[in-house]
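Given next are the chains, with one letter for each unit.
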2 protein chains.
Amino acid sequence: MPISSRLRDTFVDLVGGDAVLTTGFGGYLTDEAQTSGLRGHADAVVLPRTTTEVAGVLRACYEHELAVTPRGGGTGYSGGAIPRGGIVLGLERMTKVRSFDPLLWRIQVEAGVRTQALRNLARESGLLFPPDPGAAESSQIGGNIATNAGGPHTFKYGATGRWVTGLEAVLPSGDVVEVGGPLRKDVAGYDLKSLLVGSEGTLAVITSAWLSLIPVPEAALPVVALYPGSREGCAAIEAVIGSGLQAAALEFLDERVVGAAKAGLPRRLASAGGFMVIAEADGSVEDAHRLRDDLLDALSEDAKELWAPEGSEIAALWRWRESVSGAVTAQRGGKLSEDIAVPIGRLQEAIDQTVVIGRRHRLETCSWGHAGDGNLHSTFLIDPADPEELDRANAASKDLFALATNLGGTVSGEHGIGLLKAGQLRLQWGESAIGLHEAIKEVFDPKRLLNPGKKVP
Amino acid sequence: MPISSRLRDTFVDLVGGDAVLTTGFGGYLTDEAQTSGLRGHADAVVLPRTTTEVAGVLRACYEHELAVTPRGGGTGYSGGAIPRGGIVLGLERMTKVRSFDPLLWRIQVEAGVRTQALRNLARESGLLFPPDPGAAESSQIGGNIATNAGGPHTFKYGATGRWVTGLEAVLPSGDVVEVGGPLRKDVAGYDLKSLLVGSEGTLAVITSAWLSLIPVPEAALPVVALYPGSREGCAAIEAVIGSGLQAAALEFLDERVVGAAKAGLPRRLASAGGFMVIAEADGSVEDAHRLRDDLLDALSEDAKELWAPEGSEIAALWRWRESVSGAVTAQRGGKLSEDIAVPIGRLQEAIDQTVVIGRRHRLETCSWGHAGDGNLHSTFLIDPADPEELDRANAASKDLFALATNLGGTVSGEHGIGLLKAGQLRLQWGESAIGLHEAIKEVFDPKRLLNPGKKVP
């Protein structure tokens, strides 16, 4: 349903005619959940440039009771940015770096700054913004914060939220709130900042963030190991942790994922394939080398192949690691890829049971992910043009969520609930916690206008 | 007002007669805020041993609308554990280690486990629980979490909350909630865990926590530098950070603090005293030594004295650092010691203005704290028997809070609001954020029974 011309005029007055799209905005109607065939619908797209404009737009929507779906880079996997009517509020034009103090390891950026641009800017001053979710070229820091995005280096450095020291956000009413700032410690109020982190745009629209940075480690040296199967691979992962080695990243890719993606590896494997573990050593040059040796040692038992990339192979390996999701999609044209996380001691069980669940639903399956965090992308391959297959994949996902919670885990380790996992929080939280969850939504968004259907059913 | 004998019988039925104190419980009526003369009053003290007992007690209090002040080790500085009627709910008997998986770097402990006991247990398995607030022998992990306790090593390792992966807590209604668990990543629900961290016992009673641990660094090597004054000392602190050196701790003590405490230093100073900076290098033996050299280099400009403790001097230095608060109290018998935090670039201004504020109120003042986090213990010395002096100190504190927020900082970097800073959050948060804050209290504790008067006025 198109918005009324009066409301369109209101938006145009607020943000300018070029920033209000009422036709031809199909690109704003989905996100990476499109690999499972999901698309949404909206009445208009509004692209504010400033916090004041965001506040004005939200105030108008509040008055007209119009739903608002905030949108970053649209790189999420769970449909969190897929609108169900109302307007899409894209933050892509809010790209200012409001302040940068490299000598004090901090930066304030607007929500639309792309993750890679932020990482590059920090690196030019010898600093690191550690979170490294996939699609860093397209994803935006506001979306990263709204989903508390993870990535391979979360194992050592934590997810996005750990690096946020303050937020500016706009409430559905149009009121602007600021919590925290360029401050490293603050316990004066309840932690509203962490409440907004990972809230998937359902409580407020994040417009700007103060972030802390750290000095770039001198060296980062990955190692790659291949095993006959998940049993040997997961034993190696536990051996690394049990040896007290602090890897920066600790990843796995099962045999099917390695098979789907190995053509792009920067080095030809000696064996036909296998269950892959990637670990990374970082720190000073000397420490990283010594830790790499220790990692190779801890990973060696039962390994059919061990490889320590050097020089340009290192960046190539991580580029390849990031390409894996696309290579898996390419197998059948579509996929339903989840992000359950389990206590690390249950990782092998989760990997093996993913295959069992897929078989039960007659689906090809595979998994890969952030082993050290017990976080796996259990994936069902589908032909997106076949609705019956998608139904089976959705049913398989339900079994997967039950598996995750039975293993003491979570239905979402890093992608968020979005549309794909709507209602699944009840599997892992009791009635009282769910009650608090819904009451908090009510406090921030009493008219239920912000990203409706997400996070809170 | 003593509780009715019927209510006493209810508590005795729930927790046993030895766990209900109705007389002789003076030790439960104050905390470290007693250095400024604060004491509370209560009708009884109840000491449950299990979560079920906590739930029963809270349910009874809910029914009888009796206030409950949760209490850990009573080592807080802001009066957060000081009751204003009702019962004190002491967690000291909940001391079980529910599970410990050293090979997976995680532990689940009950709220009454002492911080040092936890640190010792981890260390026996080569692991570190990094938070190191003062009074670790007495403080309890539940209280550490409820205040998001900091400490010298927060600069590198973050405050207590960073290490909490899950919480079990009891709501005022008596309902038990669990959020998170032995899981390193979880973005399924709003971050209720972080909302409870630092909530000072005003939202729920924390009964147990899942914590993550890391391998103990091989070496930790502090360095000590003395400067003529705050200008040179703060320049040295900024030089360390600006050089991109990741110190594990970065502390300062002003000239007056050094003067009050220097007799206990493990080494006689060559100079008469000065503004002291302590930095610590940790990591592998080689890395820690190299970083220590770099720190000595960065700290050398304008230093009158540099010292790199070795062997047993290292532990002695940190014991001395912890004794500083007591040495300052001993100067006049009492003190009002705050914990404002400011953006690191404003640290010198905060230190210098503390002295100006003290002079304006005719008080002896000093400050020390966690320089790298911009967190300072600005302190006014008082004779606790002189109410007029305490009044002046309270007035000075108000000026100090205004200073902190004018500098873009917070009224509390690590001690919490408690009683001493009641109402001061309004200085740093706008009306909308305050509204959210109060609504969240209402969601968790609609009858306003939990730690009344704290956090939310």
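Check the entry above for the structure.
Here the structure is a predicted model, which is why all the values come from computation and not from measurement.

About the criteria used
- Residues numbered from 1 in each chain as written.
- Chains lettered and ligands numbered in written order.
- Predicted model: local features only at pLDDT ≥ 70, side-chain atom pairs only at ≥ 80, totals over all residues.
- Heavy atoms only, no water.
- Least-squares fit on C-alpha atoms with pLDDT ≥ 70 in both.
- Contact = heavy atoms within 4.5 Å.
- Pairing = 2+ DSSP bridges.
- Helix = DSSP H or I, 4+ residues; strand = E, 2+ residues; numbered from the N terminus.
- Axes fitted to C-alpha atoms, helices over the stretch in contact; angles between N-to-C directions.
- Expected span 1.5 Å × (residues − 1).
- Buried < 20%, exposed > 50% of the residue type's maximum accessible area, 1.4 Å probe, protein only.
- Polar contact = N/O pair within 3.5 Å; in protein donor to acceptor, adjacent residues only side chain to side chain.
- Buried area = accessible area lost by both parts, 1.4 Å probe.
- Salt bridge = Lys/Arg side-chain N within 4 Å of Asp/Glu carboxyl O.
- 1 Å grid on protein atoms, 1.4 Å probe; cavity = no way out; pocket = protein on both sides within 12 Å on 5 of 7 lines; lining within 4 Å.
- Points joined across faces, edges and corners; volume = space filled by probe spheres on them.
- Nonpolar A, V, L, I, M, F, W, Y, C, P; charged D, E, K, R; others polar.
- Parallel < 35°, antiparallel > 145°, perpendicular 65-115°, else oblique.
- Left-handed = near helix turned anticlockwise from the far one by under 90°.
- Disulfide = S-S within 2.5 Å.
- Core = buried A, V, L, I, M, F, W, Y, C linked by side-chain atoms within 4.5 Å.
- Patch = residues over 30% accessible without salt bridge, like charges linked within 9 Å, V, L, I, M, F, W, Y side chains within 5 Å.
- Areas by Shrake-Rupley, 256 points an atom, 1.4 Å probe, with all protein chains shown as cover.
- Lys, Arg positive; Asp, Glu negative; His and termini not counted.
- Charge placed at Lys NZ, Arg CZ, Asp CG, Glu CD.
- Phe/Tyr/Trp six-rings, centres within 6.5 Å; stacked < 30°, edge-to-face > 60°.

Least-squares fitting of chain A to chain B yields an RMSD of 0.0 Å, with the superposition described by an axial translation of 0.0 Å and a rotation of 180°. Expressed as an axis order, the relation between the two copies is that of a two-fold axis. When you check the interface residues of chain A against chain B, 100% turn up at the interface there too, and the contact is symmetric in its surfaces.

Another aspect to go through is the sheet that holds strand 4 (residues 87-90) of chain A. Residue and element names in this part refer to chain A. The 4 strands are arranged 1-2-4-3 in an open sheet whose pairing can be described as mixed. Of all strands in the sheet, those bounded by a partner on one side alone are strand 1 (20-21) and strand 3 (68-71). Sheet analysis places strand 2 (residues 44-46) next to strand 4, joined by 3 bridges and oriented parallel. Bridge pairing in strand 4 places V46 opposite L89. Helix 2 (residues 51-64) rests against strand 2, strand 3 and strand 4 of the sheet, and its axis sits at about 165° to strand 4.

Residue and element names in this part refer to chain A. With 20 residues, helix 12 (residues 387-406) should cover 28 Å at 1.5 Å per step; its first-to-last C-alpha distance of 29 Å lies within 8% of that length. Residues of helix 12 that are buried include every one of E389, R392, A393, A396, S397, L400, F401, L403, A404 and T405, and no others. Among the structural elements, helix 10 (312-332), strand 16 (334-337), helix 11 (347-360), strand 18 (375-382) and helix 13 (425-428) are those in contact with the buried residues of helix 12. Put simply, D386 is the residue that caps the front of helix 12, since its side-chain oxygen is 3.0 Å from the backbone nitrogen of E388. G408 sits one or two positions beyond helix 12 and adopts a positive phi of about 80°.

Our next topic: the interface of chain A and chain B. Where the parts come together, the accessible area they lose is often given as the size of the interface. Each partner contributes residues to the interface: chain A has 78 residues there, and chain B has 78 residues. For the chain A and chain B pair, buried surface summed over both sides reaches about 6200 Å², with 64% attributable to carbon and sulfur atoms. Per-residue buried area on chain A facing chain B is highest for K185, V187 and Y190 of chain A; these three make up 16% of the total on that side. At the junction of chain A with chain B, the criterion picks out 6 salt bridges. Of the charged contacts in the structure, one is a salt bridge between E414 of chain B and K185 of chain A, with a shortest N-O distance of 2.6 Å. Here chain A and chain B share 34 residue pairs in polar contact (both at pLDDT 80 or more) between them.

Before going further, it helps to spend a moment on empty space enclosed by the protein. Residue and element names in this part refer to chain B. Under the defined criterion, the tally for this structure stands at 5 cavities of 30 Å³ or more. Size it by volume and the largest cavity reaches roughly 90 Å³. Together, 14 residues line the largest cavity, and L104, W105, R106, P182 and R184 are the ones closest to its centre. Its residues assigned to classes, the lining of the largest cavity shows 8 nonpolar, 4 polar and 2 charged.

Before going further, it helps to examine the sheet that holds strand 5 (residues 97-101) of chain B. Residues and elements named next belong to chain B. Ordered in space as 5-6-10-8-9, the 5 strands form an open sheet in which the pairing is antiparallel. Where the open sheet ends on each side, the last strands, each with one partner, are strand 5 and strand 9 (176-180). With strand direction ignored, the average angle separating the axes of adjacent strands in the sheet is 10°. Packing of helix 2 (residues 51-64) onto the sheet brings it into contact with strand 5, strand 8 (164-170), strand 9 and strand 10 (205-212), and relative to strand 8 it is tilted by some 45°.

Packing of helix 14 (residues 431-444) of chain A against helix 14 (residues 431-444) of chain B brings their axes to within 10 Å, and their N-to-C directions diverge by 150°. The orientation of helix 14 of chain A relative to helix 14 of chain B falls into the category roughly antiparallel. Regarding helix 14 of chain A and helix 14 of chain B, the two cross each other, and that crossing is right-handed. Of the residues in helix 14 of chain B, those touching helix 14 of chain A at L436, A439, I440, V443 and F444 of chain A are L436, A439, I440, V443 and F444 of chain B. By residue class, the composition of the contact of helix 14 of chain A with helix 14 of chain B is 10 nonpolar, no polar and no charged.

Should the sulfur atoms of two cysteines be covalently bonded, the bond is a disulfide. Residue and element names in this part refer to chain B. For the structure shown, the criterion picks out 0 disulfides over all chains. Just so you know, C234 is unpaired, no disulfide at all, and the nearest cysteine sulfur is the one on C366, 15 Å from it. Residue C234 is classed as buried on the basis of its relative accessible area of 6%.

The next subject is the nonpolar core. Core analysis: the biggest nonpolar cluster contains 183 residues, and L211 of chain A together with L211 of chain B have the highest contact counts within it. In contact with L211 of chain B, other than residues within four places in its own chain, are W105, R106, I107, V109, L118, F129, I141, I145, W163, V164 and T165 of chain B.

Attention now goes to the pattern of salt bridges. For the coordinates displayed, the defined rule picks out 53 salt bridges over all chains. With its nearest N and O atoms 2.8 Å apart, the salt bridge here joins R93 of chain A to D18 of chain A. Here D18 of chain A lies in the loop between helix 1 (5-15) and strand 1 and R93 of chain A lies in the loop between strand 4 and strand 5 (97-101), a separation of 75 residues in the sequence. A salt bridge links R392 of chain B to E388 of chain B; the shortest N-O distance between them is 2.8 Å.

Attention now moves to a negative patch on the surface. Negative charge collects at one region of the surface, where E218 of chain A together with D293, D294 and D297 of chain B lie side by side. With respect to the helices, strands and loops of the structure, D294 of chain B is situated in helix 9 (residues 285-299).

On to the packing of helix 7 (residues 230-242) of chain B against helix 9 of chain B, then. Residue and element names in this part refer to chain B. It is the contact of helix 7 with helix 9, at a shortest axis distance of 8 Å, that shows an interaxial angle of 140°. The orientation of helix 7 with respect to helix 9, classified from their angle, is oblique. At the point where helix 7 passes helix 9, the crossing takes the right-handed sense. Judged by residue contacts, A236, A239 and V240 of helix 7 engage L295, A298 and L299 from helix 9. Among the residues making up the contact of helix 7 with helix 9, the classes are represented as 6 nonpolar, no polar and no charged.

Turning next to the packing of aromatic side chains. Under the criterion given, the structure shown has 4 aromatic pairs over all chains. Relative to F155 of chain B, the ring of W105 of chain A lies with its centre 6.0 Å away and its plane at 20°, an arrangement referred to as stacked. Within this pair, whereas W105 of chain A is found in the loop between strand 5 and strand 6 (106-110), its partner F155 of chain B is found in helix 5 (residues 154-157), the two belonging to separate chains. With respect to burial, W105 of chain A and F155 of chain B carry one shared label: buried. Taken together, a centroid distance of 5.6 Å and an interplanar angle of 10° make the contact between F252 of chain B and F275 of chain B stacked.

Let us look at the pairing of strand 16 of chain A. Here is the key point about a regular strand: its side chains alternate between the two faces of the sheet. All names here are of chain A. Residues G334 and L336 point to one face of strand 16 and K335 and S337 to the other, with burial holding for every one of them. Bridge count for strand 16 against strand 18 is 4 bridges, and the pairing is antiparallel. If you follow K335 over to strand 18, its bridge partner there is L381.

This paragraph deals with the pairing of strand 13 (residues 249-253) of chain B. Residues and elements named next belong to chain B. Among the 5 residues in strand 13, 5 count as buried, and that is most of the element. Burial along strand 13 is two-sided: A249, E251 and L253 facing one way and L250 and F252 facing the other are all buried. The pairing of strand 13 with strand 14 (residues 275-283) spans 5 bridges and is classified as antiparallel. From the neighbouring strand, L250 faces strand 14, where its bridge partner is A279. In the sheet, strand 13 pairs with strand 17 (residues 364-370) via 2 bridges, with the strands oriented antiparallel. Across the sheet, the residue bridging to L253 is W368, located in strand 17.

With that settled, the discussion passes to the side chain of T154 of chain A. You can see T154 of chain A is positioned in helix 5 (residues 154-157). Sequence-distant contacts of T154 of chain A, defined by excluding residues within four places in its chain, comprise D132, A159 and D373 of chain A together with K185 of chain B.

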